[in-house]
Amino acid sequence: MEMLWFWLVSVMVAIYAVMDGFDFGAGVLHLFVARTESERREVLAAIGPLWDGNEVWLLAAGGAMFLAFPKLLAAGFSGFYLAMFMVIWSLALRGIAIEFRSHVKDAMWRSFWDLVFAVASTLLPVLLGAALGNVVRGVPLDATGYFTIPLFTTFGVGNPVGILDWYTVLMGVLVLATLTAHGALFLAWKTTGELHRRCVRAARTLWPAVAVLALLATGATAAVNPAVYRNLPHAPLAWVGLALFLGGLATVFAGLAGRRPLVPFLGSGAFIVGILAATAACVWPVMLPSTLDPAASLTAYNASAGAGGLRAGLVWWFIGFPIALAYFACLFWLHRGKVSAPEEGQGY
Amino acid sequence: MGDLLFWHRLQFGFTSTFHYIFPQLTMGLALIIVVLKGLGLARGDERFDTAARFWIRIFGLSFAVGVVTGIPLEFQFGTNWARFSAHAGGVIGQTLGMEGMFAFFLESTFLGLLVWGERKLGRRGHFLAALALFAGSWLSGYFIIATNAFMQHPVGYLTAADGSLQLADFWVFLLNPWAIVQYCHNMMGATVTGAFAVAAVGAFWTLRGVHPETAALNLRTGVIVGLLASLLVAFPTGDLAGKRVAKHQQPTLAAMEGRWQSGPYAELNLIGQPNVEGRKLDNPVRLPGLLSFIAHGSFSSDVKGLDEFPPDQWPNNLELLYYGFHIMVGLGTLFIGLMGLAALCLPGGRLQRTRPLLWALMLAFPFPFIANSAGWMVAEVGRQPWLVYGLMRTSAGTSHLVHPGQTVFTTLGFAGLYFVLGLLFLFLVGREVNHGPVGHA
């Protein structure tokens, strides 16, 4: 049952990364690819109806982690205290920027919120990538099950560790580049004209960089946490993840050369899911390794809630999850096709 | 350590009180929007849709601020209350998880459709979107209240070998009688807030002599819904909530009423100042026997005073609890009076001509926010010194490794951010109200 919940949480995190990922990417890019007010509104029309729902996947994944692995949530959130608040405040400013922008028809008001939207959208992938790096590298958990960690120490990966070191910064850059490239493909899919062409150009520039960074990160992970690769031969799901990862990358490059803009976007989605799935399969059952003592690591077994809660949660999860997917299917269907800039007062 | 507890509590108290300004408005407005859209659909009357369109714009603004101030609260369980999360997450993680799955997805899907989709959906579709958003926001409210109810009156749990709380019976936990009573009381409180806002805007436009048609509709809707909700929030829901406190949180009831000595024919204190050192209520104005009757249904029943309980079980901010309770009840009584008076003036359009009453309605809208906040302070301060009533003390639930200075820093950060958010919200709502029901490009 712990294994099932480990995978349910992983699935929700992966969906979150793919879904909110494209609107993060759109936020990073929109100052560069959308030059006129009408183009900016096109970008917002593309993500406007979706971004809030995308962000709910973060809350839903957090909720699932809370009910299934409360000790992991408690240790992780309190340990990364100040970094968590950077995430919280960035999320708040970003949401406000999207929602308040269209309410006042004034060029400076809109430029200001566009800037806030871009900065918050850039900061968040870096922070989330660094978080992923910390989860792979480990944190100074002791036998009490808690830890505290400074923002940075010597930027080396050995004890005493900090939130930012060369490895976690690399992961932050990788995630930023990946989500930006992912967002470029989403916008290329949903837009037309000059905006569409700029997005395709951005994607063509970014994806080779993503491939190089992914290669670097793979090598770096072997140096930072060799145990990850020791599990590889015994983890069939990791091979599925790797196949998705490579297949997704190939689809992106093939799709960029082709004429159907949805294909490379789906490819980049598979690429993101693949990385996360392969990582999850290789680290199982460890969810937060300790750099002090491997026995103090939090795993799916020692961080989990009781069997009663896991069982009850499973029942409603399998009712709620298909409903959530159905909402998204409806939303994508209602907003299918290319977007156009909405009239004033009729949309974002 | 004492410092740390103080800052953690201040931060959560501040961020949750600020957050709840917005959900009480959106939950109240959600119901009123459904009523307006429903009447518009049933009668084929465009005026209702015009009125609804304005409130949907306000709803959208309020919802956005509600979302961005609500997400921090979910994080703060882990960041500031780590030991509580580790201890009770096996139980309360259920309702917090269900809120995301069953309420937030529903709300986020239909919000865009309600705000921007009227043309695309048509009248019937737009009504259904309003209904879905109403269901989502009221469902969300239930999951949060059920979480809080477990902290007030834990049921359906068992204590595991490592001392942590685990879920034993899902339905007993989810349908906690405390949750059902508190939910009804809370949702009526939110409806009062929404109705007062609607009536206030109607009064403002009427006093200005603008948008007479929509203003009259707002006044009518706000006053009728406001009167019903003001009555229901007091009786039966408030009464039942009080009886549950009387039964299960006896020191809390005594503290709410500033009562130190036990005995039958307990008097209800209308006003007076609690004197904790002297263990008495100074300068009280009291109604004899009424507290016994309200708490237990009989004038002769015994109501325990604080002296029966060791001081380490008393709520530790007794004054705030006492005043919070009396402010809530006092305002609630005024709401019934004001809305009752306004309702009497509704027939024949007399209300539109009674300018003092219009002024009162216009200026009354902040008070339901105060009453709702005071009510939540009664619930949360009254629960002290427990984090989970009778099971876990608040001091045992903090993130003990977080340095107090970090919590001071983040609390100040929230204060600054929320100040700006509040200003922006008021600015944008003010523009909408000024602009009137038709809206602007």
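What you see is a predicted model; the values in this text were computed from it and never measured. (Residues numbered from 1 in each chain as written. Chains lettered and ligands numbered in written order. Predicted model: local features only at pLDDT ≥ 70, side-chain atom pairs only at ≥ 80, totals over all residues.)

Engineer: Would you mind going over the overall build of chain A with me for this structure?
Structural biologist: For chain A, the helix and strand inventory stands at 11 helices and 2 strands. Taken over C-alpha atoms, the radius of gyration comes to 20 Å for chain A, in line with the 20 Å a tight globule of 348 residues would show. In terms of principal-axis extent, the alpha carbons of chain A reach across some 60 × 40 × 35 Å. Of the contacts formed within chain A by residues at least 6 apart in sequence, a portion of 75% connects residues at least 24 apart. (Helix = DSSP H or I, 4+ residues; strand = E, 2+ residues; numbered from the N terminus. Rg over C-alpha atoms; globule rule 2.2 N^0.38 Å. Contact = placed C-beta atoms within 7 Å.)

Engineer: What is the right way to look at helix H8 (residues 237-248) of chain B in this model?
Structural biologist: Given 3.6 residues per helical turn, the α-helix brings residues three or four places apart onto the same face. With 12 residues, H8 of chain B extends 17 Å from end C-alpha to end C-alpha; this agrees with the ideal 16 Å at 1.5 Å per step. Every buried residue belonging to H8 of chain B is among Thr 237, Gly 238, Ala 241, Gly 242, Val 245 and Ala 246 of chain B, and all of these are buried. (Expected span 1.5 Å × (residues − 1). Buried ≥ 20, exposed ≤ 12 C-beta atoms within 10 Å, placed from the backbone.)

Engineer: Whenever I open this one, the interface of chain B and chain A confuses me. Can you help?
Structural biologist: Accessible area lost on assembly of the parts is the figure often given for the size of an interface. With 50 residues of chain B at the contact, the number on the chain A side is 52 residues. For the side of chain B that touches chain A, the elements supplying multiple residues, two or more each, are helix H2 (46-80), helix H3 (82-116), strand E2 (165-167) and helix H15 (404-435) of chain B. For the side of chain B that touches chain A, the element with the highest residue contribution is H3 of chain B, accounting for 23 residues. Taken together, the residues of the side of chain B that touches chain A sort by class into 28 nonpolar, 19 polar and 3 charged. (Nonpolar A, V, L, I, M, F, W, Y, C, P; charged D, E, K, R; others polar.)

Engineer: Is there a simple way to explain unusual backbone geometry in this structure?
Structural biologist: Glycine aside, a negative phi is what most residues show, and trans is what most peptide bonds show. Omega for the bond connecting Phe 235 of chain B with Pro 236 of chain B falls within 30 degrees of zero, at 5°, which places this linkage in the cis form. Topologically, Pro 236 of chain B is positioned in the loop between helix H7 (212-234) and H8. Along the chain, Gln 384 of chain B connects to Pro 385 of chain B via a cis peptide bond; the corresponding omega equals 0°. Its identity is not glycine, yet Phe 155 of chain A carries a phi of approximately 65°, on the positive side. Classification of Phe 155 of chain A as exposed rests on a count of 12 C-beta atoms within 10 Å. Its identity is not glycine, yet Arg 279 of chain B carries a phi of approximately 55°, on the positive side. Mapped onto the elements, Arg 279 of chain B comes out in the loop between strand E3 (268-275) and strand E4 (280-287).

Engineer: Just to check I follow, could you spell out the nonpolar core for this structure?
Structural biologist: Nonpolar side chains in soluble globular proteins tend to end up buried together. Core analysis: the largest hydrophobic core is formed by 265 residues, its most contacted members being Ala 61, Ala 184, Leu 187 and Ala 203 of chain A together with Ile 33, Trp 55 and Ala 200 of chain B. Here this core takes 20 residues from H3 of chain B, the largest share from any one element. Other than its neighbours up to four places away in sequence, Ala 184 of chain A contacts Gly 25, Leu 29, Cys 199, Ala 202, Ala 203 and Leu 206 of chain A. (Core = buried A, V, L, I, M, F, W, Y, C linked by C-beta atoms within 7 Å.)

Engineer: Which parts of the structure should I look at to understand the confidence of the model for chain A?
Structural biologist: Note that predicted coordinates carrying low pLDDT should not be read in detail. On average, residues of chain A carry a pLDDT of 91, and 100% of them reach 70 or more. Confidence, read as mean pLDDT per element, is least for helix H8 (residues 227-230) of chain A in chain A (85) and greatest for helix H6 (residues 166-190) of chain A (95). (pLDDT = per-residue confidence, 0-100.)

Engineer: Could you clarify how one ought to interpret the pairing of E3 of chain B in this entry?
Structural biologist: Along any regular strand, the residues point their side chains to alternate faces of the sheet. Residues and elements named next belong to chain B. As paired elements, E3 and E4 share 6 bridges and run antiparallel to each other. Paired with Ile 271 across the two strands is Val 285, which belongs to E4. Counting the residues between successive antiparallel strands, the hairpin from E3 to E4 contains 4 residues, one of them, Arg 279, with a positive phi of roughly 55°. (Pairing = 2+ DSSP bridges.)

Engineer: I'm lost on H15 of chain B in this one. Help?
Structural biologist: Relative to the 46 Å expected for 32 residues at 1.5 Å per residue, H15 of chain B spans 46 Å between its end C-alpha atoms, a close match to the ideal helical length. Within H15 of chain B, burial applies to Thr 407, Thr 410, Phe 414, Leu 417, Tyr 418, Leu 421 and Leu 428 of chain B.

Engineer: Looking at this structure, I do not really get the packing of helix H11 (residues 307-334) of chain A against H3 of chain B. What am I missing?
Structural biologist: Helix packing geometry: the angle between the two helix axes and the distance between the axes. Following both chains from N to C, one finds H11 of chain A and H3 of chain B inclined at 10°, their axes separated by 9 Å at the closest point. By the angle between their axes, H11 of chain A is roughly parallel relative to H3 of chain B. Of the residues in H3 of chain B, those in contact with Gly 309, Ala 312, Gly 313, Trp 316, Gly 320, Ala 324, Tyr 327, Cys 330 and Leu 331 of chain A of H11 of chain A are Gly 90, Val 91, Gln 94, Gly 97, Met 98, Met 101, Phe 102, Phe 105 and Thr 109 of chain B. (Axes fitted to C-alpha atoms, helices over the stretch in contact; angles between N-to-C directions. Parallel < 35°, antiparallel > 145°, perpendicular 65-115°, else oblique.)

Engineer: Honestly, the environment of Ala 130 of chain B in this entry has me stumped. Any pointers?
Structural biologist: Residues and elements named next belong to chain B. Inspection of the secondary structure puts Ala 130 in helix H4 (residues 118-152). As for Ala 130 and Gln 273, which are separated by 143 residues in sequence, their C-alpha atoms are 46 Å apart. With sequence-adjacent residues up to four places away left out, Ala 130 is seen in contact with Ile 33, Val 34, Lys 37 and Leu 114.

Engineer: Teacher, can you tell me more about the confidence of the model for chain B here?
Structural biologist: Averaged over all residues, the pLDDT of chain B equals 93, while 99% of them reach at least 70. Interface scoring of the predicted complex returns ipTM 0.90; its pTM is 0.93.

Engineer: Help me understand the environment of Thr 221 of chain A in this model?
Structural biologist: Relative to the helices and strands, Thr 221 of chain A resides in helix H7 (residues 193-224). Distance from Thr 221 of chain A to Leu 298 of chain A, taken between C-alpha atoms, is 19 Å for residues 77 residues apart in sequence.

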